[in-house]
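Below are the chains, spelled out letter by letter.
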Amino acid sequence: MLTTNPFDDDKLREECGVFGISGAESASAIVALGLHALQHRGQEAAGITSWDGHDFHTHRAMGHVAGNFDRDEVIRALPGEAACGHVRYSTSGETSLRNVQPLYADLASGGFAVAHNGNISNAFKLRRDLVRRGSIFQSTSDTEVIIHLVATSTYRTLLDKFIDALKQVEGAYSLICMTPEGMIACRDPLGIRPLVMGMLGDSPIFASETVALDVVGAEYVRSIDPGELVIVTNGGEIRSHRPFGEVSPRPCIFEHVYFSRPDSIVEGSSVYSVRKAIGAQLAIENPVDADYVIPVPDSGVPAAIGYAQQSGIPFELGIIRSHYVGRTFIQPSDKVRHLGVKLKHNANRALIQGKRIVLIDDSIVRGTTSLKIVQMMREAGAAEVHMRIASPPTKHSCYYGVDTPERTKLLAHKLDVPGMQDFIHADSLSFLSIDGLYKALGQAKRADIRPQYCDACFTGDYPTTLTDQDEAAVRDQFELLAERVV
């Protein structure tokens, strides 16, 4: 049976990545390079749409950017000086080619393509209303709701139609849209999902992370502000619109913990430096006597460096990761499945045998990875295995574009910290406090009334209404009542 590596199902999945450029020769080739740099944000599918001044051209495919957009014939079939692209990990809608972005539609005003990072939390309600009014959907993606809202808006100009559509949606979005009039980049009013702007010569670029700008040789200009729409006309004019009222921003705090690449700049801060500061704060809050600090690769490395520097305990690579393991053939026996685990992570036995080690990881989701890592360390002869987590316990699901397991499957929802420690068989287990996380980000503490970030996965404090979830809860209550009546 072809399946993912057993380690792969125990991380919060990166949402999606978007990249767009206007006014550049070989725009599609540049977008393909940018998407390579954003591959970590979505590894299920990729797509690029270009505009040649007369027609739109699209190529979408399942799988990675490499293998789909590294062939000359594919790039030549995407002509034009404007293009946008998307890498996807599905958080809304089924896994199929019809949901791969950018999504495209022919509207009365002309072609309209959209690449979306995030999740619309009232998409089901909007979709139901649109279908009742005659809309015909071609995908199961929440992103298509935006296209239909634009198409059915009664406003006159395309910009006003687009703003009208955005004012009807809830949740999180960073969008790059292409129209015959130009490119539009925008971010939701709370700025939950990231979006940055750069320049490659005279060509504006929009991307989910600054690392994508670095890869194509572009200069980072700034982050798109929460609630801001930036329009680039075909003539190269750049205009900014702010159609939403002033709202305190709540960018996703997990971008700093795990999602963004360490070499990116998020909200003006180096992700690598923040993660080291998180590790240092973790050491201050949760010290332990140990011989070595060992990261769970690769996401735990910067925090482990910070922990080691703060604690004075030597940093060592006690777990070696193979970077050549993607999908593996796993047979249905426990013994062979366990061997499949070691294809991706293997203990550095000569280093850790007889030693007290402290493992640093970014988070615990289901707990299966932590359990296997601790077991691996013990089998390699570690005298003590302590686990330190560079974030608070993940107790709540995300509805803003991150593929989170159902809340009932989150280990921190089911168990307290001592219970989690017993589950993973560690000698000790500790998490970073929520205020400690904010402190590592340069804040004095978390503001309880108006938090500086979206930290709902830790606190359950969702910054927007969750219409679809609330309706689902009501339906469940009615169904339960009906069962009791029967």
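Residues numbered from 1 in each chain as written. Predicted model: local features only at pLDDT ≥ 70, side-chain atom pairs only at ≥ 80, totals over all residues. Heavy atoms only, no water.

**Q** Please set out the sheet that holds strand β7 (residues 110-120) residue by residue, giving values where relevant.
**A** Strand pairing in a sheet relies on backbone hydrogen bonds, with the paired strands running either antiparallel or parallel. The 6 strands are arranged β6-β7-β8-β9-β13-β14 in an open sheet whose pairing can be described as antiparallel. At either end of the open sheet lies a strand with only one pairing partner, and these are β6 (103-107) and β14 (238-241). Within this sheet the neighbouring strands show an average axis-to-axis angle of 20°, counted without direction. (Pairing = 2+ DSSP bridges. Helix = DSSP H or I, 4+ residues; strand = E, 2+ residues; numbered from the N terminus. Axes fitted to C-alpha atoms, helices over the stretch in contact; angles between N-to-C directions.)

**Q** Tell me what's going on with the environment of I319, and back it up with residues and numbers.
**A** Within the secondary structure, I319 sits in strand β18 (residues 319-321). As a C-alpha pair, I319 and M377 span 58 residues in sequence and 8.6 Å in three-dimensional space. When neighbours within four sequence positions are excluded, I319 is seen to be in contact with I294, P295, V296, P297, H345, N346, L359, I373 and M377. (Contact = heavy atoms within 4.5 Å.)

**Q** Describe the pairing of strand β9 (residues 182-187), with residues and values.
**A** On a regular strand, each side chain points to the face opposite its neighbour's, so the side chains alternate between the two faces of the sheet. Taking burial as the measure, the 6 residues of β9 include 6 buried ones, the bulk of the element. Pairing of strand β8 (residues 171-179) with β9, which is carried by 6 bridges, proceeds in the antiparallel orientation. The partner of I176 across the bridge, within β9, is A185. Counting the residues that bridge the hairpin from β8 to β9 gives 2 residues. Relative to strand β13 (residues 229-233), β9 runs antiparallel, the two being bridged by 5 bridges. Bridge pairing links C186 to L229 in β13. (Buried < 20%, exposed > 50% of the residue type's maximum accessible area, 1.4 Å probe, protein only.)

**Q** So what's going on with the pattern of salt bridges? Which residues, and what values?
**A** Here the structure, examined in full by the defined rule, presents 19 salt bridges. Note that E255 is salt-bridged to R193, the shortest N-O span being 3.5 Å. On the criterion of sequence distance, the pair formed by E255 in helix α7 (residues 254-259) and R193 in the loop between β9 and β10 (196-200) is long-range, its members being 62 residues apart. An identical accessibility class is assigned to E255 and R193; each is buried. Salt-bridge contacts for E237 lead to R239; the nearest nitrogen and oxygen are separated by 3.7 Å. (Salt bridge = Lys/Arg side-chain N within 4 Å of Asp/Glu carboxyl O.)

**Q** I'd like a description of the packing of helix α3 (residues 123-132) against helix α4 (residues 143-152), backed by residues and values.
**A** At a minimum axis distance of 10 Å, the contact between α3 and α4 shows a crossing angle of 45°. Judged by the inter-axis angle, α3 sits oblique to α4. α3 and α4 meet at a crossing whose hand is left-handed. Taking contact as the criterion, the partners of A123, L126, R127 and L130 in α3 are, on α4, V145, H148, L149 and T152. For the contact of α3 with α4, the residue count by class is 5 nonpolar, 2 polar and 1 charged. (Parallel < 35°, antiparallel > 145°, perpendicular 65-115°, else oblique. Left-handed = near helix turned anticlockwise from the far one by under 90°. Nonpolar A, V, L, I, M, F, W, Y, C, P; charged D, E, K, R; others polar.)

**Q** Could you give me a rundown of the sheet that holds strand β17 (residues 292-295), with the residues and numbers involved?
**A** If you walk across this open sheet you meet the 4 strands as β17-β21-β22-β23, and the pairing is parallel. Each edge of the open sheet is held by one strand with a lone partner, namely β17 and β23 (428-431). Across the sheet, the mean angle from the axis of one strand to that of its neighbour is 20°, orientation sign disregarded. Along the sheet face, helix α12 (residues 368-379) touches β21 (356-361) and β22 (384-389) and points at about 150° away from the line of β22.

**Q** Tell me about the nonpolar core, residues and numbers included.
**A** Proteins that are soluble and globular tend to have nonpolar side chains buried together. Grouped together as the largest cluster of nonpolar side chains are 37 residues, with contacts concentrated most on F254, I278, V293, Y307, I360 and L437. Mapped onto this core, the elements with two or more residues apiece are α7, α8 (271-285), α9 (301-311), β21, α15 (434-440) and α16 (456-459). If you look at the next biggest cluster of nonpolar residues, it comprises 30 residues, including L159, Y173, C177 and C186. (Core = buried A, V, L, I, M, F, W, Y, C linked by side-chain atoms within 4.5 Å.)

**Q** I'd love a proper account of the packing of aromatic side chains, names of residues and values included.
**A** Summed over the entire model, instances satisfying the criterion amount to 10 aromatic pairs. Ring centres 5.2 Å apart and planes at 45° place the aromatic pair F56 and Y104 in the tilted group. Taken together, the residues F56 in strand β4 (residues 56-62) and Y104 in strand β6 connect sequence positions 48 residues apart. Taking 6.4 Å as the distance between ring centres and 75° as the angle between the ring planes, the aromatic pair formed by F254 and Y258 counts as edge-to-face. With F254 and Y258 both in helix α7 and 4 residues apart, this pair spans about one turn of that helix. When sorted by exposure, F254 lands in the same class as Y258, which is buried. Members of the aromatic cluster, each reached through a chain of ring pairs, are F254, Y258, F259 and F458. The ring of F137 has R127 sitting right over it, with the charged end atom 4.2 Å from the ring centre. (Phe/Tyr/Trp six-rings, centres within 6.5 Å; stacked < 30°, edge-to-face > 60°. Lys NZ or Arg CZ within 6 Å of the ring centre and 35° of its normal.)

**Q** How would you explain the side chain of S153 if you had to name every residue and give the values?
**A** Residue placement: S153 occurs in the loop between α4 and α5 (158-166). Apart from residues no more than four positions distant in its own chain, S153 is found in contact with K161 and D164.

**Q** Residue-level account of the confidence of the model for the protein, with values.
**A** The pLDDT averaged across the protein works out to 90; a share of 89% of its residues lies at or above 70. Scored below 50 in pLDDT, residues 474-486 shows 0 contacts in the model against residues more than four places distant or in partner chains. (pLDDT = per-residue confidence, 0-100.)

**Q** I'd like to hear about α3, residue by residue, with values.
**A** For α3, every residue scored as buried is listed here: A123, L126 and L130. Down the axis, α3 shows its buried residues gathered within 65° of arc, on one side only. With respect to the buried face of α3, the exposed residues turned more than 90 degrees away are F124 and R132. (Arc of directions from axis to C-beta.)

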